[in-house]
Amino acid sequence: MSSAVPAAAPAASPSPRPRGRIPGWLSDPKVWRTEILAGLVVGLALIPEAISFSIIAGVAPAVGLFASFTMAVTISIVGGRRAMISAATGAVALVIAPLNREHGFGYLVAAVILAGVFQIVLGAVGVARLMRFIPRSVMVGFVNSLAILVFMAQVPEMRDVPWPVYPLIAAGLVMLVLFPRITTVVPAPLVSIAVLTVITVAAGIAVPTVGDKGELPSSLPAPGVPDVPFTLDTLTTIAPYAFAMALVGLMESLMTAKLVDDITDTHSNKTRESIGQGIANIVTGFFGGMGGCAMIGQTMINVKVSGARTRLSTFLAGVFLMVLCIVFGSVVTDIPMAALVAVMVMVSFATFDWHSIAPKTLRRMPAGEIAVMLITVACVVATHNLAIGVVVGSVTAMVIFAKRVAHLAEVTAVVDPDGTTVVYRVTGELFFASSNDLVGQFRYATDPDRVVVDLSAAHVWDASSVAALDAIEAKYAQRGKTVEITGLNDPSARLHGSLSGELAAGG
């Protein structure tokens, strides 16, 4: 993916080390500087978003801020993808908002804890392996739709605001583009936020600030048990919301982890990440947070813009978030929203895969691939739910693939010179889509009494194909003719042997 912002010099990625050895990056001052500054930038950027997501969920701003703190700190320890940021997210807020509205905050917290349990179970049974079935076109659509959503989330901050907001945003964008060309020692977003804050405070410019989003917490969260009756009725009430939250959270987290894998050219442990998300949500629930998952926008700030590569940046993002709120709350409330909008607009621009919509790419890309990408983007933008877009895009890709492969199964017939035997050679993959047309490609009435079906160049994948072969044999048997099926490879022979004759054959 192309990026308009030259990334900070990436910190060295930790290499495999013998058990018990201290990571090499711990003794590298450059890595410490990069990770600390990246964590500070992300911590600042998390504050207004966490407050906004709290509003979506219908809870106090402190609930979203506590969730971002506990999610980031916990996942930095138990997660499977280094440098990825997890915190309160809009997708999770949308899922649990109806539960909070209809049943109260206690039920929301209980649902967050149960969602964490579901995620641990799903991670343990290998749900992360399903990532291999997500096509590249869906991944591109996921990235592009995310970039669009990040930008759309900034639009309300640019409507019906004082006119100084616009030059402040423009100035922020200029600094984000030009400052990395001067030095990458300090992340450009941090410089932009600091400069614009000083300008607005010193000049007394009246513009929306972080403080306008809601009151910041003044103390650390305290652990507790959800205030709900521990009954079967409570479980049946929260279970559907908890399961939906678990699925949405895992999908967004695993997709984000895969994206970071590609950007950093490193591998992550998706199973550990799935279980880690569950642990983080359980911890968050017991601390009265609204739950969350991986945040791709903040992750892009951390990884792509700031150059972070270790767990330290994730841990510090959560710590700095609380420190900024509790210790430096009076300073943070003066940060103009224009400064954070500029950062997120640049993140949106850098995240979008511009190569995917280049005319040269579109001319060469198969129409089906383009359609899948566009459908994924359309679904995500329409629903504001990344999980729905990924599911719809993946199903569309599978349908297109099945339709394409179905036409690869071919049947050719050769009649012996003596006219007593005909050999049908089947080539291709036989499964539910291709086998539907197989039965109609034989000449039952005019063929000789002996028919050989040669499957040495084919593979039988499912019961639909076995049923089609049974139907062919039955049609010839009705006319007093014999059929011999030959050339089955071992897996096909086992499947055919176990199912043949047990399925209803068409007549």
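Worth saying up front: this structure is predicted, and the values here are computed from it rather than measured. (Residues numbered from 1 in each chain as written. Predicted model: local features only at pLDDT ≥ 70, side-chain atom pairs only at ≥ 80, totals over all residues. Heavy atoms only, no water.)

1. Concerning the overall build of the protein
Turning to step 1, where the next piece is worked out: Along the protein, the regular secondary structure elements total 19 helices and six strands.
Turning to step 2, where the next piece is worked out: With the C-alpha coordinates aligned to their principal axes, the bounding extent of the protein is approximately 100 × 60 × 55 Å.
Turning to step 3, where the next piece is worked out: Classification of the 507 residues of the protein by burial places 53% in the buried group.
Turning to step 4, where the next piece is worked out: Accessible area of the protein: about 22100 Å², with a carbon and sulfur share of 65%.
Turning to step 5, where the next piece is worked out: Charge-centre separation for the protein: the mean point of 32 positive side chains lies 9 Å from the mean point of 32 negative side chains. (Helix = DSSP H or I, 4+ residues; strand = E, 2+ residues; numbered from the N terminus. Buried < 20%, exposed > 50% of the residue type's maximum accessible area, 1.4 Å probe, protein only. Areas by Shrake-Rupley, 256 points an atom, 1.4 Å probe, with all protein chains shown as cover. Lys, Arg positive; Asp, Glu negative; His and termini not counted. Charge placed at Lys NZ, Arg CZ, Asp CG, Glu CD.)

2. Quick look at the nonpolar core
Turning to step 1, where the next piece is worked out: In this structure, Ile47, Leu65, Phe142, Met290 and Ile301 are the most contacted members of the largest nonpolar core, which totals 103 residues.
Turning to step 2, where the next piece is worked out: If sequence neighbours within four positions are ignored, Phe142 has contacts with Met255, Thr256, Ile296, Thr376, Leu386 and Val390. (Core = buried A, V, L, I, M, F, W, Y, C linked by side-chain atoms within 4.5 Å. Contact = heavy atoms within 4.5 Å.)

3. Considering the packing of helix H1 (residues 29–57) against helix H3 (residues 90–103)
Turning to step 1, where the next piece is worked out: Look at H1 against H3: their axes get within 7 Å of each other, and the N-to-C directions meet at 30°. It follows from the interaxial angle that H1 and H3 lie roughly parallel. Judged by the sense of rotation from one axis to the other, the crossing of H1 with H3 is right-handed. On H3, the residues that touch Phe53, Ile56 and Ala57 of H1 are Gly90, Ala93, Leu94, Ala97 and Asn100.
Turning to step 2, where the next piece is worked out: Here the residues of the contact of H1 with H3 sort into six nonpolar, two polar and no charged. (Axes fitted to C-alpha atoms, helices over the stretch in contact; angles between N-to-C directions. Parallel < 35°, antiparallel > 145°, perpendicular 65-115°, else oblique. Left-handed = near helix turned anticlockwise from the far one by under 90°. Nonpolar A, V, L, I, M, F, W, Y, C, P; charged D, E, K, R; others polar.)

4. Digging into helix H6 (residues 165–182)
Turning to step 1, where the next piece is worked out: In a regular helix each residue adds 1.5 Å, so 18 residues correspond to 26 Å; H6 covers 26 Å between its end C-alpha atoms and thus fits that length.
Turning to step 2, where the next piece is worked out: For H6, the principal kink sits at Leu176 and spans about 30°; a proline, Pro180, occurs within the next four residues.
Turning to step 3, where the next piece is worked out: Those residues of H6 not exposed but buried are Val165, Leu168, Ile169, Gly172, Leu176, Phe179 and Pro180. (Expected span 1.5 Å × (residues − 1). Bend = angle between axes of the 7 residues up to and from the residue.)

5. As for a nonpolar patch on the surface
Turning to step 1, where the next piece is worked out: On the surface, a cluster of nonpolar side chains totalling about 340 Å² of accessible area is made up of Val323, Val327, Phe328 and Val331.
Turning to step 2, where the next piece is worked out: Examined against the element boundaries, Phe328 turns out to sit in the loop between helix H11 (311–326) and helix H12 (329–332).
Turning to step 3, where the next piece is worked out: A residue is classified by how much of its surface remains accessible, and Phe328, at 42% relative accessible area, is partly exposed. (Patch = residues over 30% accessible without salt bridge, like charges linked within 9 Å, V, L, I, M, F, W, Y side chains within 5 Å. Salt bridge = Lys/Arg side-chain N within 4 Å of Asp/Glu carboxyl O.)

6. Some details on helix H18 (residues 463–477)
Residue pairs spaced three or four apart in an α-helix point in one direction, given the helix's 3.6 residues per turn.
Turning to step 1, where the next piece is worked out: With 15 residues, H18 should reach 21 Å at 1.5 Å per residue; the first-to-last C-alpha distance of 21 Å fits that figure.
Turning to step 2, where the next piece is worked out: All of the buried residues along H18 are Ser465, Val466, Ala467, Ala468, Leu469, Asp470, Ala471, Ile472, Lys475 and Tyr476.
Turning to step 3, where the next piece is worked out: Structurally, H18 contributes buried residues whose contacts are with strand S4 (421–430), helix H17 (435–438), strand S5 (450–460), strand S6 (482–486) and helix H19 (490–499).

7. What about the sheet that holds S5?
Turning to step 1, where the next piece is worked out: Spatial ordering of the open sheet is given by S3-S4-S5-S6, a layout of four strands whose pairing is mixed. One side of each edge strand has no neighbouring strand; the edge strands of this open sheet are strand S3 (410–415) and S6. Between one strand axis and the next, the sheet turns by 20° as a mean value, whatever way the strands run.
Turning to step 2, where the next piece is worked out: Looking at chain direction, S3 and S4 are connected through six bridges and run antiparallel. In the strand pairing of S4, Val411 is matched with Val426. (Pairing = 2+ DSSP bridges.)

8. Structural notes on the pairing of S5
Turning to step 1, where the next piece is worked out: When you tally the buried positions in S5, you get eight out of eleven residues, the bulk of the element.
Turning to step 2, where the next piece is worked out: Sheet topology note: the S4/S5 ladder contains nine bridges and is parallel. When the sheet's bridge partners are listed, Glu429 is paired in S5 with His459.
Turning to step 3, where the next piece is worked out: Bridge count between S5 and S6: five bridges; the pairing is parallel. Bridge pairing in S6 places Arg450 opposite Thr482.

9. Section: the pattern of salt bridges
If the charged atoms of two oppositely charged side chains come close together, the side chains can form a pair.
Turning to step 1, where the next piece is worked out: The full count for this structure, using the stated rule, is six salt bridges.
Turning to step 2, where the next piece is worked out: Between Asp261 and Lys270 there is a salt bridge whose closest N-O contact spans 2.5 Å. Like Asp261, the residue Lys270 is buried in the burial classification.
Turning to step 3, where the next piece is worked out: Residues participating in the shared-partner salt-bridge network are Arg81, Asp261 and Lys270.

10. What to know about the packing of aromatic side chains
Turning to step 1, where the next piece is worked out: Taken as a whole and judged by the stated rule, the model has eight aromatic pairs.
Turning to step 2, where the next piece is worked out: Centre to centre, the rings of Phe349 and Trp354 are 5.0 Å apart; their planes meet at 45°, and the pair counts as tilted.
Turning to step 3, where the next piece is worked out: We classify Phe349 as partly exposed; its relative accessible area is 38%.
Turning to step 4, where the next piece is worked out: Among the residues examined, Trp354 registers a relative accessible area of 35% and is labelled partly exposed.
Turning to step 5, where the next piece is worked out: An angle of 45° between the planes, with centres 4.5 Å apart, marks the rings of Phe352 and Trp354 as tilted.
Turning to step 6, where the next piece is worked out: Aromatic ring contacts, followed pair by pair, group Tyr424, Phe442, Tyr444 and Tyr476 into a single cluster. (Phe/Tyr/Trp six-rings, centres within 6.5 Å; stacked < 30°, edge-to-face > 60°.)

11. A look at unusual backbone geometry
Trans is the common state for peptide bonds, and a negative phi is the common state for residues other than glycine.
Turning to step 1, where the next piece is worked out: For Ala83, which is not a glycine, the phi torsion comes out positive at approximately 75°.
Turning to step 2, where the next piece is worked out: Relative to the helices and strands, Ala83 is located in the loop between helix H2 (61–78) and strand S1 (86–87).
Turning to step 3, where the next piece is worked out: Positive phi outside glycine occurs at Asp160, with the angle close to 50°.
Turning to step 4, where the next piece is worked out: Considering the arrangement of structural elements, one finds Asp160 in the loop between helix H5 (136–154) and H6.

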